[in-house]
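For reference, the chains in residue letters:
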Amino acid sequence: HANSAVALSAVKVIIKYLDVVENNSMRTYVLREKIPNPLITILSGDKPELQYIALRNINLILQKERHLLDKHVRHFFVKYNDPLYVKLEKLEIMARIANNENYEKILMELRAYGNEVDETFVRKSIATIGRVAVKLDGAARKCMRVLLDFVKANPGGEGDGKDRIVGYVAQNSVSVMADILRKY
């Protein structure tokens, strides 16, 4: 539908009433084939305000239907001209939809975000790598490698020995690695 409010409302109603659908094949068909397309269409728009509202709604829907958008992970990759609030919401969704089949794509994308200029976005990207590692046992080793690469590539600024000033990328990477090690 051309009106994003109508499309989002229709998706919400369908999700709400899917619980009473007894035919599992119909339920799966609706979840895999019918629901993702309008959500992705709204997300693909050029207005960041609508994208943000769509992302927030997608995030809420994913709390109930975790695997709804597993196959559509690339639509949540950040664009250079996305405002920060849209970027952060996309990171949240990427962490939520990460699974054993798509985590490598997500991890490659998150690795690229480590070179961005926005400190808040980089910090959140590093934290998202940690969330993926803690969520998926099979991803932990690769996530640790990415974080170690961040530490090696961003050793910090001035000073020697104990007086050395460490860059925020390295600091956050080490902090997230500690969280991962606590779990395993």
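Coordinates for the structure precede this section.
All values reported here derive from a predicted model rather than from experimental measurement.

The rules behind these values
- Along each chain, the written sequence defines residue order, and numbers are assigned to residues from 1.
- Local features in this predicted model are restricted to residues whose pLDDT is 70 or higher, and side-chain atom pairs enter the listing and the counts only when it is 80 or higher, whereas totals over whole chains, interfaces and linings include all residues.
- Calculation of side-chain values draws on the structure's entire complement of heavy atoms; hydrogens and water are dropped beforehand.
- Here a strand is any run of E in DSSP of at least two residues, a helix any run of H or I of at least four, and the numbering for each starts at the N terminus.
- Here's how the labels work: a residue is buried when its accessible area is under 20% of the maximum for its type, exposed when over 50%, partly exposed in between, all with a 1.4 Å probe on protein chains only.
- When checking whether two residues touch, look at their non-hydrogen atoms; a contact exists if any pair is within 4.5 Å.
- Surface accessibility in these figures is a Shrake-Rupley result with a 1.4 Å probe; residues are shielded only by whichever protein chains are displayed.
- Patch membership needs two things, relative accessible area over 30% and no salt bridge, and members are linked within 9 Å if like-charged or within 5 Å if nonpolar (Val, Leu, Ile, Met, Phe, Trp, Tyr).
- Any carboxyl oxygen of Asp or Glu within 4 Å of a side-chain nitrogen of Lys or Arg constitutes a salt bridge here.
- Ring pairs are drawn from Phe, Tyr and Trp, using the six-membered ring of Trp, whenever the two centres fall within 6.5 Å, and their geometry is named by plane angle: stacked under 30 degrees, edge-to-face over 60, tilted for the rest.
- Charge-over-ring contacts are defined here by two conditions on Lys NZ or Arg CZ: a distance within 6 Å of the ring centre and an angle within 35 degrees of the ring normal.
- In this analysis, axes come from line fits to C-alpha atoms, helices being fitted only over the stretch in contact, and the angle between any two N-to-C directions falls in the range 0 to 180 degrees.
- For classification, angles of less than 35 degrees are called roughly parallel, those exceeding 145 degrees roughly antiparallel, those between 65 and 115 degrees roughly perpendicular, and all remaining angles oblique.
- Left-handed is the label given to a crossing in which the near helix is rotated counterclockwise from the far helix by less than a right angle, and right-handed is the label when the rotation is clockwise.
- Here, nonpolar core refers to any group of buried Ala, Val, Leu, Ile, Met, Phe, Trp, Tyr and Cys residues whose side-chain atoms link them within 4.5 Å.

Undergrad: Which parts of the structure should I look at to understand the overall build of the chain?
TA: Check the secondary structure of the chain and you find nine helices and zero strands. Tracing the chain from N to C terminus, the helices and strands come up as α-α-α-α-α-α-α-α-α. If you line up the chain on its principal axes, its C-alpha atoms span 65 × 35 × 20 Å. By residue count, 41% of the 184 residues in the chain fall in the buried class. At a minimum sequence separation of 6, the contacts of the chain that also span at least 24 residues come to 64%. Carbon and sulfur atoms make up 54% of the accessible area of the chain, which totals about 10600 Å².

Undergrad: Is there a simple way to explain a nonpolar patch on the surface in this structure?
TA: Taken together, the side chains of V13, Y17 and V20 define a hydrophobic patch exposed on the protein surface, amounting to about 320 Å² of accessible area. Within the element layout of this structure, V20 appears in the loop between helix 1 (4–17) and helix 2 (24–34). Residue classification places V20 among the exposed residues on the basis of a relative accessible area of 60%.

Undergrad: Any chance you could explain the packing of aromatic side chains here in plain terms?
TA: In this description, an aromatic ring pair is defined by two values, namely the gap between the centres and the angle between the planes. Per the counting criterion, the structure on display carries two aromatic pairs. Ring geometry for Y52 versus Y85: centroids 5.3 Å apart, planes at 80°, classification edge-to-face. With Y52 in helix 4 (residues 48–64) and Y85 in helix 5 (residues 84–97), this residue pair connects regions lying 33 residues apart in the sequence. On the basis of relative accessibility, which here comes to 29%, the residue Y52 falls in the partly exposed class. In this structure, K87 packs its charged tip against the face of F121, placed 5.2 Å from the ring centre.

Undergrad: Help me understand the packing of helix 1 against helix 3 (residues 36–43) in this model?
TA: Between two packed helices, both the angle of their axes relative to each other and the distance between the axes serve to describe the pair. Packing of helix 1 against helix 3 brings their axes to within 10 Å, and their N-to-C directions diverge by 150°. Taken together, the axis directions place helix 1 and helix 3 in an arrangement best described as roughly antiparallel. Considering how the two elements wind past one another, helix 1 and helix 3 form a crossing that is left-handed. Residues S4, A7, L8 and V11 of helix 1 pack against P38, L39 and I42 of helix 3.

Undergrad: Quick question: what am I supposed to make of the nonpolar core here?
TA: Most often, soluble globular proteins keep nonpolar side chains buried together rather than apart. Core analysis: the largest hydrophobic core is formed by 52 residues, its most contacted members being L39, L68, F76, M94, Y113, I129 and L147. Among all residues touching L39, those that are not within four sequence positions of it are L8, V11, I58, I61 and L68.

Undergrad: Is there a simple way to explain the pattern of salt bridges in this structure?
TA: When the charged atoms of two side chains with opposite charge come close together, those side chains can pair. Inspection of every chain in the model, using the stated rule, returns 11 salt bridges. Taking the shortest distance from any N to any O, the salt bridge between R96 and E92 comes out at 3.6 Å. Of the two residues, R96 and E92 are both situated in helix 5; the distance of four residues between them amounts to about one turn of the helix. Two residues, D149 and R111, come together in a salt bridge whose shortest N-O distance is 2.9 Å. Taken as a pair, D149 in helix 8 (residues 140–153) and R111 in helix 6 (residues 103–113) lie far apart in primary sequence, 38 residues in all.

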